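# Geometric and topological summary
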Amino acid sequence: MADKNMPMREALRMALREEMIRDERVFVMGEEVGAWQGTHRVTRGFLDEFGEKRVRDTPISEMAIAGAAVGAAMAGLRPVAEIMTINFAFLSLDAIINHAAKIHYMFNGQFRVPMVIRAASGWGDQATATHSHTPEPIFAHFPGLYVGCPSTPRDAKGMLKAAIRDDNPVLFTESIAMYSKPGLVPEEDDFVLPIGKADIKREGRHVTLVAYARGVEWSLQAAEQLAKEGIECEVVDMRWLRPLDMPTVFESFKKTNRCVVVEESLPYYSFGSEVAAQLQEHMFDYMDAPVKRVSAMDVPLPYAREIELMALPNAQKVVDAVKEVI
């Protein structure tokens, strides 16, 4: 079966639909997932196809959405709960962190919580400071919770299917800016990518660019520009922040001896901090330059368009950072 070109939202829709057909325990729930067909149109047509029992419109209460999903998962179902944007997930931290992530451990394996929390993440064209977070590293801080962040439609399908089939709770974030970006997606029903495995999106020999989600796009753009100047970047797409596939980063770093970490999130206590620390701890003998980090500025994201863009990462900032370590 040939690959099909489609935007990320359609790849996510394909993955959800295939898993709902495959396993009747899978159902979707959240604000506007049914009659409104999903805020980002990922659940378009689901209500008509699967009915109200498996496509559940919920009240505007993120704590209720996540809490109900935890209970349903403990009872043997496999909920996929949509939180409209990840900014609202802060209202459901107790259910996600204190319950979903810890129940299997605290009940000595007597219960599992096979659930997925889907949430749109990242900045969204002047959405203002309270609606422009990229806080995946906060959730990845907690053991017991997997955190997936696809960068392409292909990865979005394979990773979401893996998340739904897994018996552990998963926070699955989708970059708002990438919903409409197209890419080739396998149409096979059993196309599943492994949880916790990074992917080399571009091979190179001079510097390793480590990124996830939107950071991969900026890294690939920078690599294309730098290649014209004879600088070959290897782009490592982490795909999962937990489990974090550092062995793939280490192998790339052994080859390049230099690293730039690219993320849309904020700079302190971050994904970039973790990658840099692990490289220093485990790969010091291979290190020819300090690890550089490219991230959003350490400010609440401004509303004014030009200042907003100034505060965010971009390909040119990645290029500048690479030239510093080279």
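Small disclaimer: the values here were computed from a predicted structure and weren't measured. (Residues numbered from 1 in each chain as written. Predicted model: local features only at pLDDT ≥ 70, side-chain atom pairs only at ≥ 80, totals over all residues. Heavy atoms only, no water.)

## Quick word on a nonpolar patch on the surface
- On the surface, Phe 90, Leu 93 and Ile 138 cluster together into a nonpolar patch covering about 230 Å² of accessible area.
- With respect to the secondary-structure elements, Phe 90 resides in the loop between strand S4 (78-85) and helix H4 (93-100).
- On the accessibility criterion, Phe 90 (33% relative accessible area) is partly exposed. (Patch = residues over 30% accessible without salt bridge, like charges linked within 9 Å, V, L, I, M, F, W, Y side chains within 5 Å. Areas by Shrake-Rupley, 256 points an atom, 1.4 Å probe, with all protein chains shown as cover. Salt bridge = Lys/Arg side-chain N within 4 Å of Asp/Glu carboxyl O. Helix = DSSP H or I, 4+ residues; strand = E, 2+ residues; numbered from the N terminus. Buried < 20%, exposed > 50% of the residue type's maximum accessible area, 1.4 Å probe, protein only.)

## Here's the deal with the sheet that holds strand S13 (residues 259-262)
- Strand order across the open sheet formed by 5 strands is S9-S11-S10-S13-S14, with mixed pairing between neighbours. Every interior strand has two partners, whereas the edge strands, strand S9 (199-202) and strand S14 (292-294), have only one. Looking at each pair of strands side by side, their axes are set apart by 25 degrees on average, direction ignored.
- As judged from the 3 bridges shared by S13 and S14, these two strands associate in the parallel manner. Each bridged residue has a counterpart across the sheet, and for Val 262 the counterpart in S14 is Val 294.
- Those strands touched by helix H8 (residues 214-227) are S9, strand S10 (207-211), strand S11 (233-237) and S13, and its axis lies near 170 degrees from that of S11. (Pairing = 2+ DSSP bridges. Axes fitted to C-alpha atoms, helices over the stretch in contact; angles between N-to-C directions. Contact = heavy atoms within 4.5 Å.)

## A look at the packing of helix H9 (residues 246-256) against helix H10 (residues 271-282)
- The N-to-C vectors of H9 and H10 enclose an angle of 60 degrees; their axes lie 11 Å apart at closest approach. It follows that H9 is oblique to H10 by the angle criterion. In terms of crossing hand, the pair formed by H9 and H10 is right-handed. Contacts between H9 and H10 involve Met 246, Val 249, Phe 250 and Phe 253 from the former and Val 275, Gln 278, Leu 279 and His 282 from the latter. (Parallel < 35°, antiparallel > 145°, perpendicular 65-115°, else oblique. Left-handed = near helix turned anticlockwise from the far one by under 90°.)

## Description of the packing of H8 against helix H12 (residues 315-325)
- At a minimum axis separation of 8 Å, H8 and H12 run at an interaxial angle of 60 degrees. By the angle between their directions, the pair H8 and H12 is classed as oblique. Considering how the two elements wind past one another, H8 and H12 form a crossing that is right-handed. Note on element contacts: H12 touches H8 through Ala 315, Gln 316, Val 318, Val 319, Val 322 and Lys 323, opposite Trp 218, Gln 221, Ala 222, Gln 225 and Leu 226.
- Residue classes in the contact of H8 with H12 are distributed as 7 nonpolar, 3 polar and 1 charged. (Nonpolar A, V, L, I, M, F, W, Y, C, P; charged D, E, K, R; others polar.)

## A look at the domain arrangement of the protein chain
- Assigned domains of the protein chain: these are domain 1 (4-185) and domain 2 (199-325).
- Spacing between the C-alpha centres of domain 1 and domain 2 amounts to 26 Å.
- Counting residues at the interface gives 31 residues for domain 1 and 26 residues for domain 2.
- Counting each side, the surface lost to burial between domain 1 and domain 2 is near 2,400 Å², with a carbon and sulfur contribution of 59%.
- Seen at the junction of domain 1 and domain 2, the total is 3 salt bridges.
- When the shortest N-O distance is used, the salt bridge between Glu 217 and Lys 181 registers 2.5 Å.
- At the level of secondary structure, the elements contributing two or more residues to the side of domain 1 that touches domain 2 comprise helix H6 (136-140), strand S6 (146-148), helix H7 (153-165) and strand S7 (170-175). (Domains from an automatic or database assignment. Buried area = accessible area lost by both parts, 1.4 Å probe.)

## Quick look at the pattern of salt bridges
- Inspection of the entire model under this criterion finds 27 salt bridges.
- The partner of Lys 161 in a salt bridge is Glu 19, and the shortest N-O contact between them spans 2.6 Å. A residue pair is termed long-range when its members are at least 10 positions apart, and Lys 161 in helix H7 and Glu 19 in helix H1 (residues 8-22) qualify at 142 residues. Like Glu 19, Lys 161 is buried.
- Two residues, Lys 201 and Asp 237, come together in a salt bridge whose shortest N-O distance is 3.0 Å. Within this pair, whereas Lys 201 is found in strand S9, its partner Asp 237 is found in strand S11, the two being separated by 36 residues in sequence.
- Given the relative accessible area of 24%, Lys 201 is considered partly exposed.
- A residue is classified by how much of its surface remains accessible, and Asp 237, at 0% relative accessible area, is buried.
- Salt bridges sharing common partners tie together Glu 18, Glu 19, Arg 22, Lys 157, Lys 161, Arg 165 and Asp 190.

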